Amino acid sequence: MMNPIALQNELLRISSDVGNCQYLTECTETVRRHLEAAACFVVRQKDERTAEIFCTNPVESVLFGLIDPGYLHQLTAQRTFFTVDSFKAPRTLRSVLGHCSQLAVLYLDRPELRAWLIAGWTDNRPSDSQTLELALLMLKEKALLYFLAVQNNNITGQYNFLFTHSPQAVIRINQLDNSSWVNEAAIELLELPPGNYNPAVAAVSAGMMRLFKNATNHGELGEIASQLFTNTGSVAREWIWNLGDKVYSVLSRLLSTEHFRGRIWLFNDITDLYNTYQRVQKQQQLLTQRNDDLAEANREIESLISVIAHDLKSPLAVISAIFHQMAAQENLLPDQLDNIEYGIRTVRRGVDLINSIVFYNSLMYADQPLHISEVEIDDLVDALAAGYEVQARQKDIQLHVRKADASLIVHSDFELLVRILDNLISNALKFTPLGRNVYISVYQQDNTCYIDVRDEGPGLNDDDRRRLFKRFQRLSAQPTNQESSSGLGLSIVKALTTKLGASIEVDSIPGAGSTFRLGLPITTDVTPESPHLLKVAQ
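These notes cover the structure that comes with them. (Residues numbered from 1 in each chain as written. Predicted model: local features only at pLDDT ≥ 70, side-chain atom pairs only at ≥ 80, totals over all residues. Heavy atoms only, no water.)

1. A look at the pattern of salt bridges
Going by this rule: Salt bridge, as used here: a side-chain nitrogen of Lys or Arg that lies within 4 Å of a carboxyl oxygen of Asp or Glu. Helical segments are the DSSP runs of H or I of at least four residues, strand segments are the runs of E of at least two, and each set is numbered from the N terminus.
Taken as a whole and judged by the stated rule, the model has 14 salt bridges. Across the pair Arg436 and Glu456 runs a salt bridge whose closest N-O atoms are separated by 3.1 Å. A residue pair is termed long-range when its members are at least 10 positions apart, and Arg436 in the loop between α13 (414-431) and β15 (437-445) and Glu456 in the loop between β16 (448-454) and α14 (462-467) qualify at 20 residues. Members of the salt-bridge network, linked through shared partners, are Glu10, Glu29, Arg32 and Arg33.

Written out as structure tokens, the structure is:
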């Protein structure tokens, strides 16, 4: 009769590596001998239709290969352990069990392993079922231990292969047993003896200290290293180690498990990326410096233009006075009066251009603060339209004003808003032919007040649209009554709308006129007439 204690002791004395197939072979052979069985083997289930004869004893008694586990499933459907006294193997199992007439079977049903542990006899099977079950239970523990070791070896092998051949240098230091693990890239980086993936911790530390001392950004590294030593749980990400010829992005974090406590270090070679970044940075700095130089030169030019413009005002004022004195003389011929009037208009255009230049430069470079107040749009538009009635009548132009149903109030800079609308209405009158119409419309959409100024001029072509809001641009259309045009009006409009946080859009069809649309944020609060309206009317 089998002695369970003797079997247990002999199983414990098996010295083969647990993850080696020889280990399970010796275990099954030990159980077979103690049970005085003809065969003992393990059938591992691969899937619902396939099982593998994984280990047999004696080896020569059974053919290795794949079998259909259906019959074994039927045998163990009701209980995990059973014995068969008169067994006749079905065709699918004949190669495995054909020589056996008596069986003892234990089914192992675990997530990590599903298998049948089978002992077979030709005759004289031990009658004590409990002893048979105990022996197979001992084999079950050994089989489970073996398969878990195999799975662990496979995972470890894949893990080691992955990290060993990773282009990143990987370093693990375990404080629990003062051990380390490095991959090929780390061996090269730390200048360790080749082929040794478990070097002494002292050698690894010495290699890392050498890198640390050779880093050109030693001060920056020291600050982060101090944080890591002060707070052992902290993580360093994208930590740049600049070694001169090589640059690494380093990740260092704490890992803590039952069998490991320490840090893992990943050194990622980013030399090419870093060098490219440095080149881009230098180019960016150069471009910034050149842009600053150009901006400074532009400011000097604008300042010079402002000085010249101011200096031109005095001689133009003298010339204007002379023309007016000449016009006051008696007995002037019609040609002389026409020439004097032309001279006065020319001086006026020069003064207007100078004023526009000075205003634009103060707007762009003086950084004047905004003076925000409530502006009632309907009254403002009425006042501005009234101011242009004389100019409109001179060209026989009808000026139409259409206002919103309810009074609209915006918070804006009154002076700048007047300047914007003044430019838009003035342009509309300039470019509208005699006897036509100019329309000013005020309306609300959502939380925005819109003011449209539409003319019946020649409209804008594609080239005009590209140059519309740029300085000193002369568009294809010309004023229809020899009015002056500085080329600054729309550039001033654009700059002012940007400064106010407003919007300016244009719709135009060549030959059918243009509509300039000013958009202003609106408030629903209605107050009495704006104090600015008296100033406009005056």
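Once the structure has been displayed, the description carries forward.
2. A short note on the packing of helix α1 (residues 4-12) against helix α2 (residues 21-35)
A pair of packed helices is characterised by two quantities: the angle between their axes and the separation of those axes. Stated precisely, the cut-off is as follows: Each axis is a line fitted through C-alpha atoms, and for a helix only the stretch in contact is used; angles between axes span 0 to 180 degrees, taken between their N-to-C directions. In this scheme, roughly parallel covers angles under 35 degrees and roughly antiparallel covers those over 145, while 65 to 115 is roughly perpendicular and the rest are oblique. By the definition used in this description, the sense in which the near helix is turned from the far one sets the handedness, with an anticlockwise turn below a right angle giving left-handed and a clockwise turn giving right-handed. By definition in these notes, contact holds between two residues if any of their heavy atoms fall within 4.5 Å. Residues were grouped as follows: Ala, Val, Leu, Ile, Met, Phe, Trp, Tyr, Cys and Pro as nonpolar; Asp, Glu, Lys and Arg as charged; and all remaining residues, including Gly, as polar.
At a closest axis distance of 10 Å, the pairing of α1 and α2 adopts a crossing angle of 160°. Comparing their axes, α2 and α1 come out roughly antiparallel. The handedness of the crossing between α1 and α2 comes out as right-handed. Where α1 abuts α2, its residues Ala6, Leu7, Glu10 and Leu11 lie against Cys27, Thr30, Val31, Arg33 and His34. Across the contact of α1 with α2, the residue classes break down as five nonpolar, two polar and two charged.

3. What to know about helix α15 (residues 489-500)
Spelled out, the test is: Between the first and last residue of a helix there are one fewer steps than residues, each counted as 1.5 Å, and that sum is the expected span. Each residue is assigned to one of three classes by its accessible area relative to the maximum for its type, calculated with a 1.4 Å probe on protein chains only: buried under 20%, partly exposed between the two thresholds, exposed over 50%.
Given a rise of 1.5 Å per residue, twelve residues ought to cover 16 Å, and the 17 Å separating the end C-alpha atoms of α15 matches this to within 8%. Within α15, nine of the twelve residues are buried, leaving the element largely enclosed by the surrounding structure. Of all the residues in α15, the buried ones are Gly489, Leu490, Ser491, Ile492, Val493, Ala495, Leu496, Thr497 and Leu500. At the exit of α15 stands Gly501, carrying a positive phi of roughly 75°.

4. Focus: the nonpolar core
Rule in force here: The criterion is simple. A nonpolar core is a set of buried Ala, Val, Leu, Ile, Met, Phe, Trp, Tyr and Cys residues joined through side-chain atoms within 4.5 Å.
Core analysis: the largest hydrophobic core is formed by 44 residues, its most contacted members being Ile377, Leu417, Ile451 and Leu518. Counting residues per element, this core draws most heavily on α13, at ten residues. Every residue in contact with Ile377, bar those within four places of it in the chain, is listed here: Leu408, Val410, Leu417, Val442, Cys449, Ile451 and Leu520. Counting residues in each nonpolar core, the second largest holds 31 residues, with Leu7, Leu35, Cys40 and Ala115 among its members.

5. Description of the sheet that holds strand β18 (residues 514-521)
Put simply, the rule reads: Between any two strands, pairing holds if DSSP finds at least two bridges.
Strand order across the open sheet formed by five strands is β13-β15-β16-β18-β17, with mixed pairing between neighbours. The sheet terminates laterally at β13 (398-402) and β17 (503-508), the two strands that pair on one side only. This sheet shows a mean twist of 15° between the axes of neighbouring strands, independent of strand direction. In this fold α13 packs onto β15, β16, β17 and β18, with an angle of close to 170° to the strand it touches most, β18.

6. Quick notes on the layout of surface pockets
Heads up, the rule is: Points on a 1 Å grid, built from protein atoms alone, make a cavity when a 1.4 Å probe fits but cannot get out and make a pocket when they are open with protein on both sides within 12 Å along at least 5 of 7 lines; residues with an atom within 4 Å of a point are the lining residues. Grid points are joined across faces, edges and corners, and a volume is the space filled by probe spheres set on the points.
Volume-wise, the second largest pocket comes out at about 570 Å³. Lining the second largest pocket are 19 residues, and of these Ile173, Met208, Phe229, Arg263 and Trp265 sit closest to its centre. Elements supplying a minimum of two residues to the lining of the second largest pocket: α7 (201-214), α8 (218-230), β9 (236-242) and β11 (261-269). With five residues, α7 is the single largest residue contributor to the lining of the second largest pocket. When grouped by side-chain class, the residues that make up the lining of the second largest pocket number twelve nonpolar, five polar and two charged.

7. Some remarks on the sheet that holds strand β7 (residues 169-174)
Picture the strands of a sheet paired through backbone hydrogen bonds; they go either parallel or antiparallel. With respect to topology, five strands assemble into an open sheet ordered β8-β7-β11-β10-β9, the strand pairing being antiparallel. Every other strand in the sheet has two partners, leaving β8 (179-182) and β9 as the edge strands with one partner each. Each adjacent strand pair in this sheet contributes to an overall mean axis angle of 20°, direction not counted. Where β9 meets strand β10 (residues 247-256), five bridges bridge the pair, whose relative direction is antiparallel.

8. Details of the packing of aromatic side chains
The line we're drawing: Two rings from Phe, Tyr or Trp (for Trp, the six-membered ring) form a pair when their centres are within 6.5 Å of each other. A pair whose planes differ by under 30 degrees is stacked, one over 60 is edge-to-face, and the rest are tilted.
The full count for this structure, using the stated rule, is nine aromatic pairs. Ring geometry for Tyr71 versus Phe87: centroids 6.2 Å apart, planes at 50°, classification tilted. Note that Tyr71 is positioned in helix α3 (residues 70-75) and Phe87 in the loop between β4 (81-84) and α4 (94-97), a separation of 16 residues in sequence. The exposure class of Tyr71 is partly exposed, given its relative accessible area of 24%. For the ring pair Trp239 and Trp265, a centre distance of 6.2 Å and an interplane angle of 35° mean the geometry is tilted. Within this pair, whereas Trp239 is found in strand β9, its partner Trp265 is found in strand β11, the two being separated by 26 residues in sequence. In terms of burial, Trp239 and Trp265 fall into one category: buried. Feature note: the residues Phe212, Trp239, Trp241, Tyr248, Trp265 and Phe267 constitute an aromatic cluster, connected by ring pairs.

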